[in-house]
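# Structural overview
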Amino acid sequence: QVQLVESGEGLVQAGGSLRLSCAASGRTFSNYVMGWFRQAPGKEREFVAGIRWSGGRTHYADSVKGRFTISRDNAKNTVYLQMNSLKPEDSAVYYCAAKTTDYISDRPQAYDYWGQGTQVTVSS
């Protein structure tokens, strides 16, 4: 059974940084894609970034390009989201997700497993 556990929740001021972690367990993830999504109150869940576990190819939403970096540590089965130059509009619950096919998708429906979410709040 796949489990994804996010951590790194926090409250930061605009312009600050935060790093989220997603610890994955239960399977071998070498052929998976891992994604980060976020959902603000009253809004739909939106794609933030994705990474192919094998090879490390990445893809970002336009709204976070140049500010966020997704990475993975194979030895720890952990995916990270480094968030810099944070803005109040980045405030949301951030979710880690995994999909069992190796192309990166920005559609939440394409992902098979989800973490419980972690709150990020950016104050102005």
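What this report covers is the structure whose coordinates are included nearby. (Residues numbered from 1 in each chain as written. Predicted model: local features only at pLDDT ≥ 70, side-chain atom pairs only at ≥ 80, totals over all residues. Heavy atoms only, no water.)

Across its full length, the protein chain holds zero helices and 11 strands. Start at the N end of the protein chain and walk to the C end: the helices and strands fall as β-β-β-β-β-β-β-β-β-β-β. For the protein chain, whose C-alpha radius of gyration is 13 Å, the value lies close to the compact-globule estimate of 14 Å for 124 residues. Along the first, second and third principal axes, the C-alpha atoms of the protein chain reach 40 × 30 × 25 Å. Going through the 124 residues of the protein chain one by one, you find that 44% of them count as buried. Partitioning the contacts of the protein chain with sequence separation of at least 6, the portion at a separation of at least 24 is 58%. If you sum the accessible surface of the protein chain, you get close to 6,400 Å²; carbon and sulfur atoms cover 42% of it. (Helix = DSSP H or I, 4+ residues; strand = E, 2+ residues; numbered from the N terminus. Rg over C-alpha atoms; globule rule 2.2 N^0.38 Å. Buried < 20%, exposed > 50% of the residue type's maximum accessible area, 1.4 Å probe, protein only. Contact = heavy atoms within 4.5 Å. Areas by Shrake-Rupley, 256 points an atom, 1.4 Å probe, with all protein chains shown as cover.)

Taken as a whole and assessed by the stated rule, the structure comprises one disulfide. For C22, the disulfide goes to C96, at an S-S distance of 2.0 Å. Here the disulfide of C22 and C96 is left-handed, its torsion about the S-S bond being about -75°. In this pair, C22 is assigned in strand β3 (residues 18-25) and C96 in strand β9 (residues 92-99), connecting sequence segments 74 residues apart. Judged on exposure class, the residue C22 and its partner C96 are both buried. (Disulfide = S-S within 2.5 Å.)

Looking now at the nonpolar core. Residues M34, W36, L81, M83 and Y94 are the most contacted members of the largest nonpolar core, which totals 36 residues. Contributions of two or more residues to this core are made by β3, β4 (33-39), β5 (46-52), β7 (68-73), β8 (78-83), β9 and β11 (118-123). Of all the elements, β9 adds the most residues to this core, at five residues. (Core = buried A, V, L, I, M, F, W, Y, C linked by side-chain atoms within 4.5 Å.)

Our next topic: unusual backbone geometry. In the Ramachandran plot, N77 falls in the positive-phi region, its phi being about 50° despite a non-glycine side chain. Along the chain, N77 turns up in the loop between β7 and β8. We note that S85 has phi near 50°; this positive angle belongs to a residue other than glycine. If you trace the backbone, S85 turns up in the loop between β8 and β9. A residue is classified by how much of its surface remains accessible, and S85, at 41% relative accessible area, is partly exposed.

The strand order β1-β3-β8-β7 describes an open sheet built from four strands, whose pairing is antiparallel. In the strand order of this sheet, the two ends are held by β1 (3-7) and β7, each with one partner. Neighbour to neighbour, the strand axes of the sheet diverge by 15° on average, direction disregarded. Sheet analysis places β3 next to β8, joined by six bridges and oriented antiparallel. (Pairing = 2+ DSSP bridges. Axes fitted to C-alpha atoms, helices over the stretch in contact; angles between N-to-C directions.)

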